Amino acid sequence: MGHTSPSWDTHPHPRTHVLIPGHPSRPCHSMEGLRALGVLLLSCLLLPSPAGTQTSPSPNPDQRLVTDPEEAPSHHHAASATREQKPDGAQEGLPPRPRCVRCCEPPDQHFSYPRYQPLPQINMTILKGEKGDRGERGMQGKYGKTGVAGSRGHAGPKGQKGSVGAPGERCKSHYAAFSVGRKKPLHSNDYYQPLIFDTEFVNLYDHFNMFTGKFYCYVPGIYYFSLNVHTWNQKETYLHIMRNGAEVVILYAQVSDRSIMQSQSVMLELQEQDEVWVRLYKGERENAVFSDEYDTYITFSGHLIKELEAEINNRPINEQAGQAGGHGWVYQESRSSGRSTSDEDTELISEHVPSMGHTSPSWDTHPHPRTHVLIPGHPSRSRTPIPSQEMSHPWDTRPHPPPNPLPPVVPGSFQPAAEHRGTTVLHDTISTRPQPLPARHFDTKTTEPISFFLSGLEELLAWQPDSNDDFNVAAVPLAKRQPPLHSRRPRTLVCHDMRGGYLEDRFIQGSATRNPYVFYHWRYIDIFVYFSHHTVTIPPVCWTNAAHRNGVPVLGTFITEWTDGEKLCEAFLAGGPEAYGAVAEQLARIARHYRFDGWLVNIENTLSPAAVGNLPPFLRHLTAQVHSMVPGGLVIWYDSVLQNGALRWQNELTQENRVFFDACDGLFTNYNWKEEHLERTRALAGPRHMDVYVGIDVFARGDVIGGGFDTDKSLRLIRQHGLSAAIFAPGWVYEHLGEENFLRNENKFWGLLAEYLPTHSICTLPLATSFSLGMGTSRFLDGKEEEDGPWYDLSAQEIQPLYPELEGRLSTSCCLQDAWCGGSSLRVQGTIPPGEERVAVRLFSLQMPAPPKLFLTLLYKLEGPHPEELTVALEITTWDSGTCYEGNITSLPEPNGRHHPRFLPAPPPGLAKLLAACHRGSHGWTSRCYELDLQDCSLRDLSLLVSRHQPSPQETPFTCLLGEIRVLEAANVAASPPPVQSLLASQLWWQEGPEEDELSLSLTLRWSFPPGRASCFRVLSLGARCRRGQTSPQLLGLAHACLYRAVGLAVPRPAPGQSCRLELLVEPVLRDQLPVDPQHWGRLVLVYSDLVRGASADGY
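Summarised in this report is the structure supplied together with it. Worth saying up front: this structure is predicted, and the values here are computed from it rather than measured.

Reading the values: the criteria
- Residues numbered from 1 in each chain as written.
- Predicted model: local features only at pLDDT ≥ 70, side-chain atom pairs only at ≥ 80, totals over all residues.
- Heavy atoms only, no water.
- Core = buried A, V, L, I, M, F, W, Y, C linked by side-chain atoms within 4.5 Å.
- Buried < 20%, exposed > 50% of the residue type's maximum accessible area, 1.4 Å probe, protein only.
- Contact = heavy atoms within 4.5 Å.
- Helix = DSSP H or I, 4+ residues; strand = E, 2+ residues; numbered from the N terminus.
- Pairing = 2+ DSSP bridges.
- Right-handed = clockwise from strand over helix to strand, strands pointing away.
- Axes fitted to C-alpha atoms, helices over the stretch in contact; angles between N-to-C directions.
- Disulfide = S-S within 2.5 Å.
- Salt bridge = Lys/Arg side-chain N within 4 Å of Asp/Glu carboxyl O.
- Polar contact = N/O pair within 3.5 Å; in protein donor to acceptor, adjacent residues only side chain to side chain.

### Here we look at the nonpolar core
And then number 1: In this structure, Phe558, Trp599, Phe618, Leu944 and Leu962 are the most contacted members of the largest nonpolar core, which totals 132 residues.
And then number 2: When neighbours within four sequence positions are excluded, Phe618 is seen to be in contact with Phe558, Phe572, Leu573, Tyr580, Val583, Ala584 and Leu587.

Here is the structure:
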């Protein structure tokens, strides 16, 4: 019982209800209202009662209030109500008009409480009037006593998954084990040799590196190692098991008339990053170990016995397997004018999300958008980490909860300051216990990204795309050129096989190799095959990038050999359509993912009837899958097994191997052929004779027509019969003749073949090249040496010219001593004949419609005693056409001339950049720019024109270095370059530095940029510092895709409680070589600290 319920406030007129004690369900009787114009006014009677109050109608003053016989008077109290006066003269039969009665009469008047009497019932509905205004809500009353709990309700629907909790303590055991073998013998040399293994039995978590032959310790503990070798009769066996650079135990066997198995074992306590390997002693005596390709005689095994207790207890709980230092976290903000947002607007996004986000109110003073990245493990951060797999991607529209505020910044550290637009700010706490990166994709010692192969059927079928192998995806699309690959003409295939493959070229971002092997005569060939004896040879991405830039498709190799090959073929070929279909589809997926162009299939082992019966269907299915998944893809079969399963090389196309030729795109024959083999092949191939690639072994092994510098003899015969050629191992020039004079010998080798190698034409613009071979003894920028020291990166190789040679009159070669950009320039040497004014040197073959206006630029340097007597220019020729109108090539003004020449009254906006580039000659280089107007023409050749001012009866020698040539379409020069966006960092790897006050940092950078706009990216460092200051940019390397791994950056170690700052830049290099404004570069700032060492605030 209590006051009138507020829920009744909506009733049109106030009504009073009386509740009778003892009858909770019985309402009190309502009074009957008057039908006159007035409204019944109810008076309130206040009755003192400890039990509560009740409301009742006001009685007629002539009536006495009578108490209900079943309740005590003390249970009533009064409540007041407003009433309207009713006019006199009420209708007969109605109760007399009531009047107001005071609750308490004045003291001078006597008043007695009337007694209640039963009242007649009144129909209140007839008294309804206009609805009144709603009154203000009253104050909240006190809460009553808690009632009895109700019965349990029905179970509700299942809620959404909660956020990931903090990582718990590690409780699982750690494992490490490997067992590898070697099937090749090894003889001592005049230097120590590591024992490299070629067979992998067990390699848990890839802790054993098959490339280096070393086991790398990632779990400190007690290990057991065992080495087994087979000695060689009449030779000594002398090896050591090594830990890091120290000898641990020896395995030794004296010279004996018989060979025996010899073993050695040892237990070692290893710390993290220790290396264990096997070393063959240098050749002071006859020293060797025996093995062969049929059995495994040499094995090396090891496993973890017990992990060190101290390491288990000290291991950080926030380490994530497979990542170096954990994934980064992006806290991103942006500003829009006139808007201030709240904390609810902030958003946590993953390291792969582009730059978009919300404003944090605490950072509203920042004038430009910035991205902040927080690394899990920061001790002051209260946010619960979310694994990167569950973070949103750019296409993910799922809602994400707002993050907690950023951790407090230690006084004296680098505070987030106003950065340039688009800057990413990343915060990290140093951890010198990084988790290893996958050994297949990263070098275990330096974490550099590396190319890899697949061994065996299991690895092939288990392969799937992985974000860790993004570095292995080719970034350069296959350039168009004429004539196209599938035109009906003889072609030239080059099969690269050098020392087993995956040498210095496996380092995706390059290496400091001196005098490496490079191939650059791309204009002469149609197909490039990267060959090795691994089951699945995925071409190193640097070869694919270099070949694609010059318009040459690249094939990988699928090979099976000997006894292991028989077993492998039996497993997938004899297994039926489901088995060989899975292998074919997986090979096609690999080619599509890594963006190379198909496969050379080489089955060099005997096959069972069931296996050979399924070989043609396998080839047809593989060819169909490659054609479907890879535009312009190819599958070529190597001449090996016959249709009956026997392994017998035919050296030609025959009825015994034709079934395989008919199932794919071409046949690569063996090398021991004679002219009659060519005649039969041509007759049997019919209209597909261009699909037969006749093999030429440059090493001239076996009974061959010619090899080495006589390779032209073989090639001449092949061309006489209209067949294609497959030149195997042209690296003979490098391997056999040596490294020192390689470039000169390479030009000689291909110069002898040029007569039989039709050249290919460029058919797209822009054409821009600085002639870099992708290697050098120094690195140059704008004619000045930027970095000293050898470097090798085939992905940095630029479009290569024709390298014309005229005996005694003209030669073109690479110059490593001087360059405008990259590592080399093109040296053109020759003579102007007596009586002639000039000589034209054909550099590029072109085949494309000419745009209405062309811009051409040239950077050159004349050498010799009298360079002032010579003039250098460019010459464009066109194909014969009756409608072609060719204007004059006009030189733009010299550096002291106008910025806008008179023949360009309204130059496009982008021309200002071009004119600036025309005036940038320096360090002895001369820059020239040209304009050419053409109508209805087709471009044919681009040549260098060397002229002398006056005719002479004597020949005039000249030497000219070409630093850069560009042919640009005027309509595209004005295009504004887009900015580098979403520059982010992950996979941070902290290690102790070379000095006590230094650290070594490696990290992966990723960003976004429109495909096809950049030829590469220059990754620069502005240095790391713990106090304010400026440093000049330093080149870290070139990136050819939108990612780069910076390795081994030496940075200062912060003092306790101090923060330091590392700044990195990404500069896009456009295909037309025009400069990009630094405002469009990517910029990342890493603020790092070592808070676990202290909490003082003595930073800058």
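### Notes on the pairing of strand S26 (residues 692-697)
And then number 1: Here S26 lies mainly inside the structure; six of its six residues are buried.
And then number 2: Covered by surrounding structure in S26 are Val692, Val694 and Ile696 together with Tyr693, Gly695 and Asp697, the residues of both alternating faces.
And then number 3: As paired elements, strand S25 (residues 666-668) and S26 share two bridges and run parallel to each other. Residue Phe668 lies in a different strand from S26, and its bridge partner there is Tyr693.
And then number 4: Here S26 runs beside strand S27 (residues 724-728); their pairing, made up of five bridges, is parallel. The residue bridging Val694 from the neighbouring strand is Ala725, located in S27.
And then number 5: Handedness of the crossover joining S26 and S27 through helix H9 (residues 711-720) is recorded here as right-handed.

### Digging into the sheet that holds strand S46 (residues 1043-1052)
And then number 1: Sheet architecture is open: three strands sit in the order S42-S43-S46, paired in antiparallel fashion. Only two strands of the sheet have a single partner each, and these edge strands are strand S42 (981-992) and S46. Across the sheet, the mean angle separating the axes of adjacent strands is 25° when strand polarity is ignored.
And then number 2: Where S42 meets strand S43 (residues 998-1008), eight bridges bridge the pair, whose relative direction is antiparallel. When the bridges of S43 are listed, Ala985 appears paired with Leu1005.

### A closer look at the state of the cysteines
And then number 1: Considering all chains together, one arrives at one disulfide under this definition.
And then number 2: Residue Cys1026 pairs covalently with Cys1060 via a disulfide, S to S 1.8 Å. The sign of the S-S torsion, about 90°, decides the handedness of the disulfide formed by Cys1026 and Cys1060: right-handed. Highlighted residues: Cys1026 in the loop between strand S44 (1014-1025) and strand S45 (1034-1039) and Cys1060 in strand S47 (residues 1059-1070), separated in sequence by 34 residues.
And then number 3: Given the relative accessible area of 0%, Cys1060 is considered buried.

### Re the pattern of salt bridges
And then number 1: Scanning all chains against the criterion turns up 27 salt bridges.
And then number 2: Linking Glu459 and Arg440 is a salt bridge whose minimum nitrogen-to-oxygen distance equals 3.1 Å. Of this pair, Glu459 sits in helix H2 (residues 456-462) while Arg440 sits in the loop between strand S17 (423-429) and H2, and the two are 19 residues apart along the sequence.
And then number 3: Its relative accessible area of 28% is what places Arg440 among the partly exposed residues.

### A word on the side chain of Arg489
And then number 1: Position of Arg489 among the secondary structure elements: in the loop between strand S18 (481-482) and strand S19 (492-496).
And then number 2: Taking relative accessible area as the criterion, Arg489 reaches 14% and is therefore assigned buried.
And then number 3: A distance of 2.7 Å separates a polar atom in the side chain of Arg489 from a polar atom in the side chain of Ser487.
And then number 4: Engagement of the side chain of Arg489 in a polar contact is seen with the side chain of Asp526, the distance being 2.6 Å.
And then number 5: When neighbours within four sequence positions are excluded, Arg489 is seen to be in contact with Pro483, Pro484, Asp526, Met690, Ser724 and His760.

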